[in-house]
Structure formats: C-alpha cells, structure tokens
Amino acid sequence: MNAILSAAAPLSAIAPFPLNRWWVAGFTWELTDKPLARTFLNRAMVLFRTPDGTVSALEDRCCHKDLPLSCGSVEARGLRCGYHGLLYDCAGVCIEIPGQEHIPTKARVPAYPLREQDQILWVWIGSTPESTPTEDPPHYAVHNDPKYKFGGNSVHYDAPYQLVHDNLLDLSHLGYVHLKTIGGNPGLHMNAELKVTAVDDVVRVVRLMPDSEPPPTYAAAWPFKGRIDRWQEVEFQVSHLLIWTGGMDAGSGDIRAPDREGFHMRGFHGVTPETDHTSHYFWTIATNPHPDKQDVTQLVVDQTAMTFEEDRVIIDAQWQNQRRFPGRTQLGIHVDAGPARARRVIDALVRQSHQASPGG
Amino acid sequence: MNAILSAAAPLSAIAPFPLNRWWVAGFTWELTDKPLARTFLNRAMVLFRTPDGTVSALEDRCCHKDLPLSCGSVEARGLRCGYHGLLYDCAGVCIEIPGQEHIPTKARVPAYPLREQDQILWVWIGSTPESTPTEDPPHYAVHNDPKYKFGGNSVHYDAPYQLVHDNLLDLSHLGYVHLKTIGGNPGLHMNAELKVTAVDDVVRVVRLMPDSEPPPTYAAAWPFKGRIDRWQEVEFQVSHLLIWTGGMDAGSGDIRAPDREGFHMRGFHGVTPETDHTSHYFWTIATNPHPDKQDVTQLVVDQTAMTFEEDRVIIDAQWQNQRRFPGRTQLGIHVDAGPARARRVIDALVRQSHQASPGG
Amino acid sequence: MNAILSAAAPLSAIAPFPLNRWWVAGFTWELTDKPLARTFLNRAMVLFRTPDGTVSALEDRCCHKDLPLSCGSVEARGLRCGYHGLLYDCAGVCIEIPGQEHIPTKARVPAYPLREQDQILWVWIGSTPESTPTEDPPHYAVHNDPKYKFGGNSVHYDAPYQLVHDNLLDLSHLGYVHLKTIGGNPGLHMNAELKVTAVDDVVRVVRLMPDSEPPPTYAAAWPFKGRIDRWQEVEFQVSHLLIWTGGMDAGSGDIRAPDREGFHMRGFHGVTPETDHTSHYFWTIATNPHPDKQDVTQLVVDQTAMTFEEDRVIIDAQWQNQRRFPGRTQLGIHVDAGPARARRVIDALVRQSHQASPGG
C-alpha cells in the first residue's frame with residue numbers, strides 16, 4: 001500500500017506548472033518487481049517495469065472499481081489490478097478481464113511517456129492527454145562515466161518545489177542551516193563573490209574561492225599540495241539542477257576550464273512537483289576517487305543525506321510558516337539574485353504552457 | 001475516552017441513508033459495564049446496559065455542558081455524566097441534578113430504540129426523532145442453534161458502507177484480494193456460473209461449484225469421501241448480508257435443499273454506515289462441527305479475520321482513490337450484477353425514506 | 001523545531017478576544033538559551049531572553065524568507081535567523097544581514113511588549129500594532145513570599161479558553177471528574193453553599209465548609225487538632241484566576257480574614273487563548289509548610305498535575321463534542337452562576353476592545 005494515498009485530497013485539475021517537458025520520476029534502482037505509486041504535477045501515477053525491461057507510467061486508478069493500480073502486481077504482459085484482476089499492458093490498454101471474453105474499447109487508463117536513461121527515470125507531462133515528447137530527455141553523463149562513483153536518494157518535501165529551487169540556488173545558507181555539518185565558516189560563504197548569469201531557461205550561479213584551505217573531506221580524498229582554488233557552480237534547469245563543486249591545487253591551472261584537474265563533487269538534483277504544496281527531490285552525488293587516496297564517495301553520500309535532511313526541516317518549516325502568514329511581502333537581499341532569476345524562468349514557462357494548451 | 005471523538009467534524013444533518021429501519025449496532029459481548037460510544041448514520045450515540053439488563057442508546061451529549069455521555073459511568077438507574085453528575089435514565093430523561101432539587105422538563109436527551117436479540121444489538125433509526133419501530137428486528141437463528149459454533153468481530157472502515165456491500169456481493173475478488181489466504185485458484189472463482197435474483201429488497205447471488213476438490217479447511221472439518229459439490233449463497237438485505245458457503249459429497253443429494261447435508265459455514269455481516277464516508281462492519285462466522293473430526297471453528301474465525309483485514313486494506317484504498325479522482329465513470333463488467341442490484345435497492349429505499357419524512 | 005507549526009493553518013486576522021491588556025505568556029524557567037515558539041490570541045510569536053536578561057517577543061517570521069525565527073539561535077545582541085543569518089535585536093529591528101552592508105529600514109519584524117515579573121512572563125496584546133502598555137502587569141506576591149513554596153507547569157488545551165474558565169470557576173465538578181484523585185464525596189462539593197459576587201471585571205466564587213473532616217493531605221501538612229473550617233475562594237480575572245483553598249482549626253478564628261491562620265494552598269491559573277479553538281494554561285500551586293510537619297508541596301504539585309490532566313481530557317472531549325453538535329442550547333443549572341458571570345465580563349471586554357480599535 002502506498003503512503004501517498006493517506007493524503008486522499010482530490011488533485012487539482014490544472015496546476016500552474018511548466019508542461020510539455022520531461023520531469024525526473026525517480027531512479028532505476030527504485031523500480032523493482034513491485035509497482036511504485038508516485039504523483040507528479042498533481043497526476044497520480046503508478047510506475048512499473050515488466051520483466052522484458054519496458055518501463056511504464058499509468059494513471060493510478062483501475063477503470064473498473066477505482067482501486068489504485070499500485071495495489072496490484074506486475075506480470076510479464078503488464079500490471080494486474082489487485083481487486084478483480086483486470087490486466088493492463090504498458091500502454092494502459094486492458095488486455096484481460098477475468099471471466100469475461102469481451103473487452104470494451106473504453107477499458108483502458110491514461111499512460112504517460114516514461115524513459116529510463118543514465119539510471120534516471122524521466123516522465124513526460126504534457127498540457128493535454130495526447131501530448132507526446134517532442135525531444136529526448138536530457139542526458140546525464142556522470143552516471144555512466146567510469147571516472148566517477150556515486151550514490152543518492154529520494155526525499156519527500158512538504159513544501160512547494162520552488163522553495164527547494166531557492167535553497168539549491170543560494171549556497172549562502174550553508175553557514176547557518178548546515179553550521180554543524182558542512183557549513184563551516186558562515187562569513188566565507190556569505191562574502192564570496194557571486195556571479196549569476198542566465199541563457200534561455202538555464203540559470204548559472206558561480207562562486208569561486210581561490211587560495212583557500214581545503215576542507216577535511218577534500219584533503220582526505222585528494223593529494224593536494226597545500227592551499228587550493230575552490231569552485232561552486234550551480235546550473236539550474238527547470239527539471240533539475242547540477243551542482244559542481246571541487247578544488248584544485250592553488251594556481252595550478254584554469255579554475256574555469258571544463259576539464260579542470262583536482263577533486264570533483266558532482267551533484268544531480270531532480271526537483272519535481274508532487275502536488276501544489278509538496279515535492280519530490282531526487283539526488284545523487286558523485287566523486288572522482290584518486291588511486292592513491294581512500295575513496296570518500298560513501299562518506300560524501302552520507303554527509304549529503306544528512307545535509308539534505310537539515311534543508312528539509314528548514315524548508316518544511318518555512319512553508320508551514322508561509323501558510324500561517326499568508327500574503328506577506330518578503331524582503332529581498334543580495335543572495336536572492338539566483339533564485340529570483342529561476343522564478344522568472346518558471347513563470348515564463350508556465351505562461352507558455354497554458355497558452356500552448358489548446359494545441360497540445 | 002472514545003476514539004470516535006478524535007474526528008470532531010460536525011455530523012451531517014440529513015444523510016442519504018435508508019431510514020425507519022433496524023441497523024446492526026454491535027454484539028452482546030461488546031456492551032460491558034462501561035458506556036460505548038458509537039455513531040450510526042451520522043447520529044452520535046452512547047450505548048449502555050444497566051445491571052437489570054436493560055439496553056439503551058442515547059444521544060452522546062449531556063444537555064448541560066455538552067460532554068459526551070460516553071465519558072460517564074453506568075449506574076443502576078441509568079447513565080451519569082462524568083462532568084457534573086447529571087443522571088439520565090434509559091429513556092434519556094434526567095432524573096438527578098446533583099445539588100439541585102428542581103429538574104426542568106427539558107432536562108433530557110434523545111433516545112434511540114435499541115434491542116438485544118440473538119447476541120446482536122439492533123438500533124432503530126427513523127426519519128424523525130419521534131419515529132418508533134413498526135416491526136421487530138430480524139432474527140438470526142444460527143447464533144442460537146446448538147448445531148453451530150461461532151465467533152466474530154467488529155471492523156471499522158474508512159470507506160462508505162456501499163463499498164463494503166459491493167465487496168461482499170462479488171465473491172470473484174477472492175482470487176485476487178485473497179490470493180494468499182482463502183483465494184486459491186482465481187480462474188475457478190471468476191468462471192463459476194453466477195445467478196443473481198432479487199425479490200423485494202433482498203438480492204441473492206448464488207454460485208455452485210459441483211464436483212470440485214474440497215479445500216484443506218473443509219477436508220479437515222468433515223469426513224468427505226472424495227470430491228464435493230460446493231455452494232456459495234449470498235443474501236443481501238439492507239442492514240446485513242448472510243453468506244452461506246459449504247460442501248457435501250459430490251452427487252449425494254440436492255445442493256439447493258435448505259436442509260442439505262455436509263459442512264456449512266454461515267456468515268453474518270452487519271454493515272452499518274457510521275458517517276457519510278465511514279462504516280461499521282459487524283461479522284460472525286459459524287460452522288457445524290462433526291463429532292468425528294476436529295472442530296475448525298476457531299481456525300475459520302481466525303482466517304476470516306485475516307481475510308477481512310485484506311478486504312479492509314483494499315476498500316479503504318479504493319475509497320481514498322475515489323476521492324483523488326472524483327467524478328470518474330466506472331467500467332461495468334460481468335461481476336457487477338449483484339452489487340448493481342443492491343445499489344438500486346438502496347437508492348429506492350433512500351428515496352422512500354425521504355418522501356416518508358414528514359409523516360415519520 | 002516547534003510543535004505549534006504542525007497545525008499550519010492561517011491564523012485569524014481578528015479574533016474575538018479582550019485586547020489592550022496583559023496575558024500570561026509562560027514562566028521564567030521556560031525561557032532558556034533557546035528561542036521559544038508560542039502563539040497567543042492567534043499571534044504567532046517567538047520568545048527569547050538575551051544573556052543580559054532582556055526578554056523579547058517578536059513575530060515568529062523572518063521578513064526575508066518567512067522562516068520561523070524560533071528555528072534560529074539566541075545571541076548576545078538578539079535572535080539570528082536559522083536560514084540566511086539575519087540578526088534581529090530585542091525590538092525586532094534587523095541589525096545584520098550577512099554579506100550585505102546596507103540594511104533597509106523595512107528590515108524588521110513586529111515586537112510585542114514582554115515583561116518578566118514574579119517568575120511569570122506577561123505579554124501585552126493591543127488592538128493595533130502600535131498599542132503600548134497603559135499599566136503594569138498584575139503582581140503575584142505568593143511567588144516571592146518566603147512563607148510559601150510552589151511548583152507548576154504549562155498545559156496545552158485543544159479547546160477554547162472559556163471552557164477552561166468554566167471549569168475553574170465551578171468546583172462542583174470535583175466530585176465527578178476527580179472522583180479518584182482529589183474529589184472525595186461528590187455530595188459535599190455539590191451541596192456546599194456557594195456565593196458569587198462580581199466587582200468590575202473580577203468575579204469571586206466563595207464556598208465555605210465549616211466544621212468538616214480535614215482531607216488526608218491537609219492532615220499530613222498541618223498539626224490540626226481535629227475538625228477544621230475549610231474555604232475555597234476563586235477569584236476570576238480576565239487573564240488569570242487565583243484559587244485559594246485551605247483550612248484552620250474549627251472555630252479557632254475568622255475564616256474570612258485575609259490573614260487567617262492554618263494550612264493554605266494558593267493556585268495561580270493563567271489561561272491564555274492560543275487560537276480560536278486552543279488554549280494555554282499556565283499554573284502554579286503554593287503551600288505554606290509548617291515547621292513541625294513534612295513539606296507536602298511536591299505532593300500537592302504532583303496531585304495537581306494529575307488533576308489537571310483529568311480536566312484536560314474532559315474539556316477536550318467537551319469541545320470536540322460541541323463541534324459534533326453545533327448550535328445546541330445548553331441547560332443552565334445552579335453551578336453555572338460563576339461561569340456565566342465571567343462570560344459576561346469577557347463579552348463586555350471584547351466589545352470594548354473592538355470599539356477601541358481605531359484609537360489603539
């Protein structure tokens with residue numbers, strides 16, 4: 001039985017989300033031999049993979065008696081309902097009604113395009129039920145790059161997805177929220193120079209911290225000679241953020257080069273609205289182990305999980321407080337440049353999605 | 001303190017239920033020396049039995065300061081409120097106000113006719129507060145028949161009562177919901193011939209499975225010679241269903257005879273709406289032990305309890321999903337004949353109840 | 001993280017409470033080195049004390065990103081937000097934005113006058129944000145009187161504050177609610193003569209029980225010679241009630257004298273609305289230990305805590321039942337005189353508060 005159901009509120013008909021695009025639906029390892037109930041953009045779905053490897057996302061409701069299909073079981077030919085045994089194929093078409101020969105043509109449930117790529121599940125959500133993908137999902141090469149090892153997890157937020165964007169685009173909170181874990185010196189984070197740029201729907205926030213002391217994790221993972229040039233690069237896209245942090249020996253090369261040397265941590269952060277007020281957060285973190293040093297990947301993954309739990313507590317409290325104080329104006333400060341730019345991107349895409357609605 | 005109170009939503013004034021009839025309120029063994037809080041058809045009641053054996057159902061609210069009377073205590077003369085000690089008799093009339101001589105005539109609470117018969121509690125709910133019973137509650141002889149032994153329990157559903165009817169009237173779900181307990185071969189259940197008949201407010205669904213292998217429980221309970229003729233007879237009435245299943249030696253007699261031989265399991269299933277969206281389910285199961293075999297009654301009771309828990313999980317999920325997908329059309333299939341007929345019976349009785357309202 | 005947040009409903013804009021007065025906000029020992037989240041009269045506040053001893057109550061919302069300030073940390077100069085580190089002084093003015101030199105004048109949050117006196121915290125809540133105290137909070141000398149020892153606690157009610165008033169003003173419930181703890185003989189409590197008087201906003205309920213048997217606690221605490229004259233005096237004020245009970249040797253003096261002899265229990269009962277439907281209850285109980293007898297203060301405190309838990313259960317159930325049966329008329333009886341008078345006082349003050357609103 002799935003926990004999502006406990007909310008049991010009717011889902012909104014039209015939610016103000018960017019449509020006609022791929023959203024992250026989870027990771028390869030989450031899809032086992034059992035169906036998985038997940039709601040994205042107010043659409044309640046059941047995800048499953050048949051033994052031949054086909055992945056499918058269907059509306060999570062049997063068209064006979066409304067039972068969630070996620071209460072059923074996966075078979076070779078598709079997903080069987082757990083109440084009266086109706087069997088649906090991966091396109092949502094009912095192909096068996098036990099005890100009844102005739103299968104009506106309306107015996108079917110809506111299907112959503114689902115792709116599995118780079119160990120990430122991507123679901124296409126269009127502005128109409130007929131909408132089909134107009135492009136492939138984005139590639140994430142790090143998951144297939146032998147230089148990297150990674151781990152990750154899924155987190156559920158009781159807060160709207162844009163509050164998670166705000167958090168990831170503004171690393172200045174490290175000094176306060178994560179004071180006891182990765183934060184270290186608040187002043188360092190707040191005062192480092194910040195550069196925000198935007199091209200099309202992509203917002204980039206870059207902070208460079210040249211000639212600084214390597215944090216303990218860095219020093220354990222990489223044979224630095226002494227002080228290092230550190231970078232933090234956040235790339236926001238609508239469906240996910242890429243956060244690339246790391247360091248190289250101070251003055252040893254171009255800290256802006258795409259193929260720069262040194263120790264790298266590459267984060268993938270899929271942020272997908274669940275409902276108007278709740279969100280999914282799918283993250284991985286990868287590091288490049290050095291042959292002469294211990295592999296710190298698992299340590300970094302564990303620390304990241306603890307860190308994100310600190311964020312979750314703060315963001316959930318923030319959202320609950322926004323509900324207690326509705327309609328209040330927020331004071332803007334210097335760290336808000338990145339988040340504000342990302343919100344403008346989303347606003348434009350939402351408008352675009354709704355204008356595009358009639359045509360699909 | 002009673003758990004019902006935790007919901008704390010105002011009860012609906014007029015709910016669309018069949019009125020002017022007896023509903024099952026519980027079992028004899030549930031009424032101890034403490035008051036029992038239960039809500040039926042949106043009417044919050046307190047049930048109690050005084051030492052002389054009189055049973056009573058009153059509105060669960062002291063007319064002084066609104067405390068639930070179910071927080072009080074049972075005395076020889078009635079029920080005493082747990083706040084300021086007002087004492088009510090079994091008709092709901094206040095017969096003592098501690099510290100005050102005069103008892104106003106308006107010091108009383110509404111009472112509902114309550115009967116205890118065949119170890120079943122029956123409550124009369126009319127279309128007006130003045131409504132009195134126009135007939136006796138139905139008898140259930142099995143509970144008093146020395147041929148039978150029985151056990152049972154009360155179950156609370158977070159789902160409307162008609163979803164429980166649907167489930168009990170359609171035994172084809174056994175192969176899917178109860179695959180791991182009593183279900184066995186799904187094909188057997190789905191393909192057996194089904195006969196639905198209706199006379200007045202009673203719907204009967206009969207399935208016969210002649211010349212089949214006896215299930216393990218049957219074989220343990222009865223000295224069958226080999227294959228058996230099995231029957232499943234479901235009789236729906238508005239307030240309860242009777243489910244009679246069993247088997248006799250194949251070809252040994254008339255499988256339709258009321259006094260047929262063999263192993264019998266007789267289920268009593270009282271289904272009473274609690275609120276618009278929640279229900280009570282009061283069940284017993286009886287078997288007829290054979291002198292030469294072990295008594296399997298307790299085993300059957302335990303298996304039935306496990307089975308009904310499987311149903312509860314499915315039906316609660318079904319209801320939560322109906323709330324997530326409001327206003328959807330359901331696809332009708334062959335197994336729906338019995339449930340559909342029962343719904344028409346209820347619809348007619350609801351209309352009748354509301355036309356009858358002015359006159360009581 | 002504070003539990004209050006879990007409710008997360010928007011707070012009412014204008015609640016029907018008496019305004020422009022001091023309300024009890026807690027006790028000295030509750031304010032440690034951590035901020036304390038509490039809501040009074042629908043106003044969500046964070047309380048804190050800086051190391052120099054200044055106490056402060058601010059709106060519990062950072063003006064930057066809405067995080068509850070109660071998620072932050074107390075520093076020498078004030079309270080620092082736990083998200084981006086904005087620092088507020090005890091008047092709610094932001095005095096530091098990390099990483100940003102300029103602090104806009106609108107970077108501030110509303111402050112509420114807070115006083116710490118006699119180990120009680122008092123908060124002033126006006127009809128406008130600009131309202132300032134027009135008088136000092138009431139003094140409670142017992143907490144500073146060397147004759148007395150005391151203890152106490154804070155209780156949260158899921159019920160409106162006036163139901164707590166009703167309970168405290170009507171000691172006749174002792175015989176029923178507290179039958180197993182302090183109640184003793186219900187008849188004694190119900191039949192004792194009751195005198196209710198009211199002067200301005202103060203309601204007094206006095207019950208005298210001359211020439212009665214001392215309860216076990218009394219006998220253990222004081223060297224009575226035999227029977228005693230007992231008194232119960234309840235003084236209701238809008239923000240708190242004083243309940244003075246005790247006994248002296250029968251016939252040994254004037255039982256109405258302010259400086260009467262004997263064994264005394266003095267209760268302080270601050271009742272502060274939290275929201276329209278929930279309340280804070282801040283209580284202490286003090287006794288005057290006799291040099292020749294054991295000190296029963298801790299015993300009395302423990303018994304009082306148990307007793308108030310009995311009240312909480314009843315009052316919460318009463319409120320939940322009032323919500324189940326909305327709009328019902330209550331039957332008035334003899335014990336309601338004190339509570340009814342107090343409700344008239346509150347009603348008049350609410351009207352007065354709202355007339356006074358424009359002027360503050």
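Each chain has its residues counted from 1, running along the sequence as written. A letter from A marks each chain and a number from 1 marks each ligand, given out in the order of writing. Totals for whole chains, interfaces and linings use every residue, but because this is a predicted model, local features are given only for residues with pLDDT of at least 70 and side-chain atom pairs only at 80 or more, for both listing and counting. Just so you know, side-chain values use all the structure's heavy atoms and leave hydrogens and water out.

An unreviewed UniProt entry lists chain A under the name 2Fe-2S ferredoxin, with Rhodoferax saidenbachensis given as the organism.

A. View of the relation of the copies chain B and chain A. Superposing copies: least-squares fit, C-alpha atoms only, residues required to have pLDDT of at least 70 in both. Once turned by 120° and shifted 0.0 Å along the axis, chain B lies on chain A with an RMSD of 0.1 Å. Here the transformation between the copies is reduced to the relation of a three-fold axis.

B. Spotlight on the interface of chain B and chain A. Facing 30 residues of chain B, the contacting portion of chain A comprises 34 residues. Once two parts are brought into contact, the accessible area they lose, counted with a 1.4 Å probe and summed over both, makes up the buried area. Of all residues in chain B, Tyr176, Arg324 and Leu331 of chain B bury the most surface against chain A, accounting for 29% of the area lost on that side. What counts as a salt bridge is simple: a side-chain nitrogen of Lys or Arg found within 4 Å of a carboxyl oxygen of Asp or Glu. Inspection of the chain B/chain A interface yields two salt bridges. Across the pair Arg328 of chain B and Glu59 of chain A runs a salt bridge whose closest N-O atoms are separated by 2.7 Å. Under the rule applied, a polar contact is a pair of N or O atoms within 3.5 Å (in protein, one hydrogen donor and one hydrogen acceptor; residues adjacent in sequence only if both atoms are side-chain atoms). Taken together, the connections running from chain B to chain A amount to 14 residue pairs in polar contact (both at pLDDT 80 or more). At the level of elements, helix 1 (161-169), helix 2 (174-177), helix 4 (186-191) and helix 6 (297-324) of chain B are the ones that each hand at least two residues to the side of chain B that touches chain A. Secondary structure counts use DSSP, requiring at least four H or I residues in a row for a helix and at least two E residues in a row for a strand, with both numbered from the N terminus. The dominant element in the side of chain B that touches chain A, judged by the number of residues it contributes, is helix 6 of chain B, at 10 residues. Of the residues assigned to the side of chain B that touches chain A, the class counts are 13 nonpolar, 11 polar and six charged. Residue contacts are counted whenever heavy atoms from the two residues lie within 4.5 Å of one another. For this scheme, ten residues count as nonpolar: Ala, Val, Leu, Ile, Met, Phe, Trp, Tyr, Cys and Pro. Four count as charged, namely Asp, Glu, Lys and Arg, and the remainder, Gly too, count as polar.

C. View of the packing of aromatic side chains. Residues and elements named next belong to chain A. Centres within 6.5 Å are what make two rings of Phe, Tyr or Trp a pair, Trp counting through its six-membered ring; a difference in plane orientation under 30 degrees is then read as stacked, over 60 as edge-to-face, and the rest as tilted. Following the criterion strictly, the structure yields 42 aromatic pairs over all chains and no others. Judged by centre distance (5.7 Å) and plane angle (70°), the ring pair of Phe17 and Tyr161 falls under edge-to-face. Note that Phe17 is positioned in the segment before strand 1 (21-27) and Tyr161 in helix 1 (residues 161-169), a separation of 144 residues in sequence. Tyr161 shares its class with Phe17; the two are buried. Aromatic side chains Phe27 and Phe282 sit 6.2 Å apart centroid to centroid with 90° between the ring planes, which places their arrangement in the edge-to-face category. We call a residue buried when its accessible area falls under 20% of the maximum for its residue type, exposed when it is over 50%, and partly exposed in between, using a 1.4 Å probe and counting protein chains only.

D. Molecular detail of the domain arrangement of chain A. Residue and element names in this part refer to chain A. Under the domain assignment, chain A is made up of domain 1 (3-125) and domain 2 (141-353). The domain boundaries here were taken from an automatic or database domain assignment. Here the C-alpha centroids of domain 1 and domain 2 sit 32 Å apart. Across the contact, 25 residues belong to domain 1 and 26 residues belong to domain 2. In total, domain 1 and domain 2 occlude about 2,100 Å² of area from one another, counting both sides; carbon and sulfur atoms represent 65% of this. When the buried surface of domain 1 facing domain 2 is broken down by residue, Phe17, Trp23 and Phe27 rank first, second and third, together holding 24% of it. Connecting domain 1 to domain 2 are zero salt bridges. Here domain 1 and domain 2 share 10 residue pairs in polar contact (both at pLDDT 80 or more) between them. If you list the elements that add at least two residues to the side of domain 1 that touches domain 2, you get strand 1, strand 2 (36-40) and strand 11 (120-125). Here the element with the most residues in the side of domain 1 that touches domain 2 is strand 1; it accounts for seven residues. Its residues placed into classes, the side of domain 1 that touches domain 2 shows 16 nonpolar, five polar and four charged.

E. The arrangement of the sheet that holds strand 3 (residues 43-49) of chain B in detail. For two strands to be treated as a pair, DSSP must find at least two bridges joining them. Strand order in the open sheet formed by four strands is 2-3-4-9 (chain B), with antiparallel pairing between adjacent strands. Strands at the two margins of the open sheet, each flanked by one partner only, are strand 2 (36-40) and strand 9 (111-112) of chain B.

F. Just the interface of chain B and chain C, in detail. Listed as interface residues are 34 residues of chain B and, on the opposing side, 30 residues of chain C. Taking both sides of the interface into account, the surface hidden between chain B and chain C amounts to around 2,800 Å²; carbon and sulfur atoms contribute 58%. Summed over the three residues of chain B that lose the most area to chain C, namely His64, Lys65 and Tyr83 of chain B, the buried surface amounts to 23% of that side. At the surface where chain B touches chain C, the tally comes to two salt bridges.

G. Structural detail: the packing of helix 1 (residues 161-169) of chain C against helix 6 (residues 297-324) of chain C. All names here are of chain C. Note on method: axes are straight lines fitted to C-alpha atoms, helices fitted across the in-contact stretch only, with angles between N-to-C directions ranging 0 to 180 degrees. It is at 10 Å that the axes of helix 1 and helix 6 come closest, and there the two elements cross at 130°. The orientation of helix 1 with respect to helix 6, classified from their angle, is oblique. Along this stretch, helix 1 crosses helix 6, giving a crossing that reads as right-handed. Along its contact with helix 1, which presents Leu163, Val164 and Asn167, the element helix 6 presents Asp311, Ile315, Gln318, Trp319 and Gln322. Any angle that falls under 35 degrees is termed roughly parallel, while one over 145 is termed roughly antiparallel, one within 65 to 115 roughly perpendicular, and all others oblique. Whether a crossing is left-handed or right-handed is set by the direction in which the near helix is turned from the far one by less than a right angle, anticlockwise for left-handed and clockwise for right-handed.

H. Quick look at the pattern of salt bridges. Inspection of every chain in the model, using the stated rule, returns 57 salt bridges over all chains. A salt bridge links Arg324 of chain A to Asp60 of chain C, with the nearest nitrogen and oxygen atoms 3.5 Å apart. Here Arg324 of chain A is found in helix 6 (residues 297-324), whereas its partner Asp60 of chain C is found in the loop between strand 4 (55-59) and strand 5 (73-74) on a different chain. Here Arg324 of chain A matches Asp60 of chain C in class, with each residue buried. Its salt-bridge partner being Arg80 of chain B, residue Glu96 of chain B comes within 3.1 Å of it at the nearest N-O pair. Separated by 16 residues along the polypeptide, Glu96 of chain B in strand 8 (residues 94-96) and Arg80 of chain B in strand 6 (residues 79-80) bring together distant segments of the chain. Residue class for Glu96 of chain B comes out partly exposed when judged on its relative accessible area of 24%. For Arg80 of chain B, a relative accessible area of 10% puts it in the buried group. Sharing partners across several salt bridges, the network here consists of Glu75, Arg77, Arg80 and Glu96 of chain A.

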